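A look at the structure
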Protein chains: 2
Amino acid sequence: MMFGGIEAGGTKFVLAVADDNLKIVAREHLDTTQPEAMMPVIIDFFTQHPVTALGIGSFGPIGVNPQQADYGYIKKTPKPGWADYPFLPRLQDALNIPIYWTTDVNVAAYGEMLAGAAQGKKNLVYITVGTGIGAGIIADGQIYSGISHPEVGHLLMHTLPDDHFAGVCPYHQYCLEGIAAGPAIAARNGRPGRDITRDDPFWQVEAYYLAQACVDLTLTLAPEMIVFGGGVANQQQLMPLIRSSFITQLNGYVDTPPVDNYIVHAGLGNDAGIVGSLLLAKSLVAKTVNAPSV
Amino acid sequence: MMFGGIEAGGTKFVLAVADDNLKIVAREHLDTTQPEAMMPVIIDFFTQHPVTALGIGSFGPIGVNPQQADYGYIKKTPKPGWADYPFLPRLQDALNIPIYWTTDVNVAAYGEMLAGAAQGKKNLVYITVGTGIGAGIIADGQIYSGISHPEVGHLLMHTLPDDHFAGVCPYHQYCLEGIAAGPAIAARNGRPGRDITRDDPFWQVEAYYLAQACVDLTLTLAPEMIVFGGGVANQQQLMPLIRSSFITQLNGYVDTPPVDNYIVHAGLGNDAGIVGSLLLAKSLVAKTVNAPSV
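Residues numbered from 1 in each chain as written. Chains lettered and ligands numbered in written order. Predicted model: local features only at pLDDT ≥ 70, side-chain atom pairs only at ≥ 80, totals over all residues. Heavy atoms only, no water.

1. Some thoughts on the overall build of chain A
For clarity, the threshold we go by: Per the convention used, a helix needs a DSSP run of H or I reaching at least four residues, while a strand needs a run of E reaching at least two, with both numbered from the N terminus. The quantity called the radius of gyration is restricted to C-alpha atoms. Its globule counterpart is 2.2 Å times the number of residues to the power 0.38. It only takes one pair of heavy atoms within 4.5 Å for two residues to be counted as in contact. Here, Shrake-Rupley sampling with a 1.4 Å probe gives the accessible areas, and only protein chains in the shown set may cover a residue. Counted charges follow a simple rule, with Lys and Arg positive, Asp and Glu negative, and His plus the chain ends left uncounted. One atom stands in for each charge, and that atom is NZ of Lys, CZ of Arg, CG of Asp or CD of Glu.
Within chain A, the secondary structure is distributed over 9 helices and 10 strands. In terms of C-alpha radius of gyration, chain A reaches 19 Å, essentially the compact-globule figure of 19 Å for 294 residues. Each principal axis of the C-alpha atoms in chain A carries an extent, and together these give about 55 × 40 × 35 Å. By sequence separation, contacts in chain A at least 24 residues apart represent 61% of the contacts at least 6 residues apart. When the accessible surface of chain A is summed, it comes to about 11,500 Å², and 50% of that surface belongs to carbon and sulfur atoms. One finds the centroid of the 16 positive side-chain charges in chain A at a distance of 3 Å from the centroid of its 26 negative side-chain charges.

2. Thoughts on the relation of the copies chain B and chain A
Mapping between the two chain copies consists of a rotation about an axis together with a translation along that axis. Our working rule: Least-squares superposition of the copies uses the C-alpha atoms of those residues scoring a pLDDT of at least 70 in each of them.
Note on the identical chains: chain B maps onto chain A by a rotation of 180° and an axial translation of 0.0 Å, with an RMSD of 0.0 Å. Both copies of the chain, as the preceding transformation shows, are related through a two-fold rotation axis. In terms of C-alpha distance to the rotation axis, chain B has His 158 of chain B as its closest residue, with the C-alpha 1.9 Å off the axis. The share of interface residues of chain B whose copies in chain A are also at the interface is 100%, consistent with both copies meeting through the same surface.

3. Concerning empty space enclosed by the protein
Here is the rule: The pocket and cavity definitions rest on a 1 Å grid over protein atoms only: a 1.4 Å probe that fits but cannot leave marks a cavity, an open set with protein on both sides within 12 Å along at least five of seven lines marks a pocket, and residues lining either have an atom within 4 Å of a point. Grid points are joined across faces, edges and corners, and a volume is the space filled by probe spheres set on the points. For this classification, Asp, Glu, Lys and Arg are treated as charged, while Ala, Val, Leu, Ile, Met, Phe, Trp, Tyr, Cys and Pro are nonpolar and the rest, including Gly, are polar.
Scanning all chains against the criterion turns up 1 cavity of 30 Å³ or more. As for the largest cavity, its lining consists of 13 residues, and the residues nearest its centre are Thr 218, Ala 222, Val 254 and Asp 255 of chain A together with Ser 148 of chain B. Split by residue class, the lining of the largest cavity holds 7 nonpolar, 4 polar and 2 charged.

4. Regarding the sheet that holds strand β8 (residues 142–143) of chain B
All names here are of chain B. Formally: In this description, strands pair whenever DSSP reports at least two bridges between them.
The strand order across the open sheet formed by 5 strands is β8-β7-β6-β9-β10, and the pairing between neighbours is mixed. Strands at the two margins of the open sheet, each flanked by one partner only, are β8 and β10 (263–265). Here strand β6 (residues 124–129) pairs with strand β9 (residues 225–229) via 5 bridges, running parallel. Bridge assignment links Thr 128 to a residue of β9, and that residue is Gly 229.

5. What about the sheet that holds strand β4 (residues 53–58) of chain A?
All names here are of chain A. Which entries qualify depends on this criterion: Note on geometry: axes are lines fitted to C-alpha atoms, helical ones only across the stretch in contact, with angles between N-to-C directions running from 0 to 180 degrees.
Judged by pairing direction, the sheet is mixed, and its 5 strands sit side by side in the order β3-β2-β1-β4-β5 without closing on themselves. Only two strands of the sheet have a single neighbouring strand rather than two, namely β3 (24–31) and β5 (99–103). Here the strands of the sheet are splayed against their neighbours by 10° on average, with no regard to which way each runs. When strand β1 (residues 3–8) meets β4, the two strands line up parallel, connected through 6 bridges. Residue Gly 5 lies in a different strand from β4, and its bridge partner there is Gly 55. Strands β1, β2 (12–18), β3, β4 and β5 of the sheet are contacted by helix α9 (residues 272–286), whose axis makes an angle of about 140° with β1.

6. Some thoughts on the interface of chain B and chain A
Using the following cut-off: By buried area we mean the combined loss of accessible area, with a 1.4 Å probe, across both parts when two parts are placed together. Any carboxyl oxygen of Asp or Glu within 4 Å of a side-chain nitrogen of Lys or Arg constitutes a salt bridge here. Pairs of N or O atoms within 3.5 Å make up the polar contacts considered here, provided that, within protein, one atom can donate a hydrogen while the other can accept it, and that residues adjacent in sequence are counted only when both atoms are side-chain atoms.
Contact with chain B, which involves 41 residues of that partner, is made by 41 residues of chain A. Looking at the side of chain B facing chain A, the largest losses of area belong to Leu 156, Thr 220 and Tyr 253 of chain B, adding up to 20% of the total buried there. The tally of links between chain B and chain A comes to 2 salt bridges. The shortest N-O distance in the salt bridge between Lys 75 of chain A and Asp 255 of chain B comes to 4.0 Å. The tally of links from chain B across to chain A stands at 18 residue pairs in polar contact (both at pLDDT 80 or more). Sort the elements by how many residues they give to the side of chain B that touches chain A and helix α6 (residues 202–221) of chain B lands first, with 7 residues.

7. Focus on the pairing of β3 of chain A
With 7 bridges joining them, β2 of chain A and β3 of chain A adopt antiparallel strand pairing. Within β3 of chain A, the residue paired with Ala 16 of chain A across the bridge is Arg 27 of chain A.

8. Side note on the pattern of salt bridges
All names here are of chain B. Definition in use: Throughout this description, buried means an accessible area under 20% of the type-specific maximum (1.4 Å probe, protein chains only), exposed means over 50%, and partly exposed covers the range between.
On inspection of all chains with the given rule, the structure shows 14 salt bridges over all chains. A salt bridge links Lys 75 to Asp 70; the shortest N-O distance between them is 3.5 Å. We classify Lys 75 as buried; its relative accessible area is 16%. For Lys 122, the salt bridge goes to Asp 140, with nearest N and O atoms at 3.6 Å. In this pair, Lys 122 sits in the loop between α3 (104–115) and β6 while Asp 140 sits in the loop between β7 (133–139) and β8, placing the two residues 18 residues apart along the sequence. You can call Lys 122 partly exposed: its relative accessible area is 44%.

9. Overview of the domain arrangement of chain A
All names here are of chain A. Rule in force here: Segmentation of the chain into domains, including their bounds, is taken from an automatic or database domain assignment.
Partitioning chain A into structural domains gives domain 1 (3–104 + 270–286) and domain 2 (117–266). Relative placement of domain 1 and domain 2: their C-alpha centres are 26 Å apart. Listed by partner, the interface residues are 11 residues for domain 1 and 7 residues for domain 2. Across the interface of domain 1 and domain 2, roughly 690 Å² is buried in total on both sides, 55% from carbon and sulfur atoms. Seen at the junction of domain 1 and domain 2, the total is 2 residue pairs in polar contact (both at pLDDT 80 or more). When residues in the side of domain 1 that touches domain 2 are grouped by element, the largest group, 3 residues, is from β5. By residue class, the composition of the side of domain 1 that touches domain 2 is 5 nonpolar, 4 polar and 2 charged.

10. A word on the packing of aromatic side chains
Residue and element names in this part refer to chain A. To keep things clear, this is the line we draw: Ring pairs are drawn from Phe, Tyr and Trp, using the six-membered ring of Trp, whenever the two centres fall within 6.5 Å, and their geometry is named by plane angle: stacked under 30 degrees, edge-to-face over 60, tilted for the rest.
For the structure on display, the rule yields 22 aromatic pairs over all chains. Between Phe 59 and Trp 82 the ring centres are 5.8 Å apart and the planes differ by 85°, which places this aromatic pair in the edge-to-face class. Here the residue Phe 59 occupies a position in the loop between β4 and α2 (87–95), and Trp 82 occupies one in the loop between β4 and α2, the gap between them amounting to 23 residues. Summarising the burial analysis for this pair, Phe 59 and Trp 82 share the class buried.

11. A look at helix α3 (residues 104–115) of chain A
All names here are of chain A. What counts, and what does not: Under the convention used throughout, the expected extent of a helix is 1.5 Å for every residue step, that is, one less than its residue count.
Relative to the 16 Å expected for 12 residues at 1.5 Å per residue, α3 spans 16 Å between its end C-alpha atoms, a close match to the ideal helical length. Burial analysis of α3 places 9 of its 12 residues in the buried class, which makes it a mostly covered element. Looking at α3, one finds that the buried residues are Val 105, Asn 106, Val 107, Ala 108, Ala 109, Tyr 110, Gly 111, Glu 112 and Met 113.

12. Focus: the side chain of Gln 249 of chain A
As for its position among the elements, Gln 249 of chain A is in helix α7 (residues 238–250). Dropping the residues within four chain positions of it, Gln 249 of chain A is found in contact with Tyr 208, Ala 211, Gln 212 and Val 215 of chain A together with Leu 156 and His 172 of chain B.

Shown next as structure tokens:
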């Protein structure tokens, strides 16, 4: 039995096929262009490498509620050709196999739970900090969804007393993504994060906001672990600063695991997404996840 | 078959017994004193009125994780006699029946879902705003819990530019409860909320923070409805201000139901807790909820 995965990112797609042991036997990377150009390539790939089930983690926002007409669609997005695009329906028509459809961060969270930093856990949050900020939530071993998927990148932040940077989000002042994602770092500092020295005091500001998101998510969800991925979060000097600020901001109000085991780097690195997609494909067949009832 | 409920509040307890149609046939109110005085009365009540199962919604923080040693305990609390008190174990020893044990806000959320403002919904948040602020979360029809119960009263708030009131919370500056619960209102205004006129501009400040909590919970949980209960939230002038501020602060970033149907008053009023407790007792027998595996 073979399983397929698609990590559909805003800049590139990863397609993969794996065997029953999740060993990847075929993999292809595509630049993210427009759907008319990409869909034939994707369908061709999974026609040449037939799979029993497919898992997709997509950039968003996407329709994840099977009760709504936009289920399986990419929703409003500035990416040419993708707004209101019926991504899942097109693939279902072409491939006619069970497909697990969710966000890129949810598949990464799922991958981290089963094969990454959060193995053995059943309640976790995976936060990616890069060009944007997003989170996937696992509750009791299942991907969490309300009437839509989480959008924690836009949590509204208490700002540091001397911080008057309102951020770059076109929707909100002082939201997490608007003041702490890659474009915000560049706007605030006049240069991208990779050009800022590790000991620059700016990283304490960055850590303060990421830690505050951890506090708010801890208070709301009480997870067993918070896993960080993405280019900004990979800056190694950040993690100790996030942990320290988290302790200060939460101030012991609720019990969490020891912070070094609670706020951690992704174990699968850049593979969390594609590994999670393949695991979801497999789990769909094994019925170990609650499949959306399409 | 008869069902029992206990709404264990910080100032009073409500005990009730209901028949299979959830018609209450016996009810008793007790002032919250110390456990040595109260437990014999509670046990006596349910000995005189035997029930098949019991639901308890307790003030907190409480241990709700069956994997942990403090499951069923009241945890740290300033209330004399209740800190580290084994509330559930004592009742289980005395009554020897199935007992559903959760927070006061979770039972209210459950009651609102099955018999109150959120009937037909499966994803909701119930927020009480009174002496403190707390929330119960229902996800896919079940009470949500991570490794502990939510504590959203302490979400950290973006503060209004002219608002320099850091709040009254001993743990955090600028947390929701610290700047928006009853004691904060009194400290900020020099008089309790009930003495502040309905058209006082203060209510817009109050609404801003409660609306911001709705924004953060919407972005994290994507519920179908947010239900407000509690003495402060019952101030009728607040609801339109909360709705209006919610629209401004979320700024259309994610789709929600129309705000008048999304942010609403509790349908069961002060009975949400005891009705929810009885419903949980009944559901435990009917196995329509995932019982904690004690």
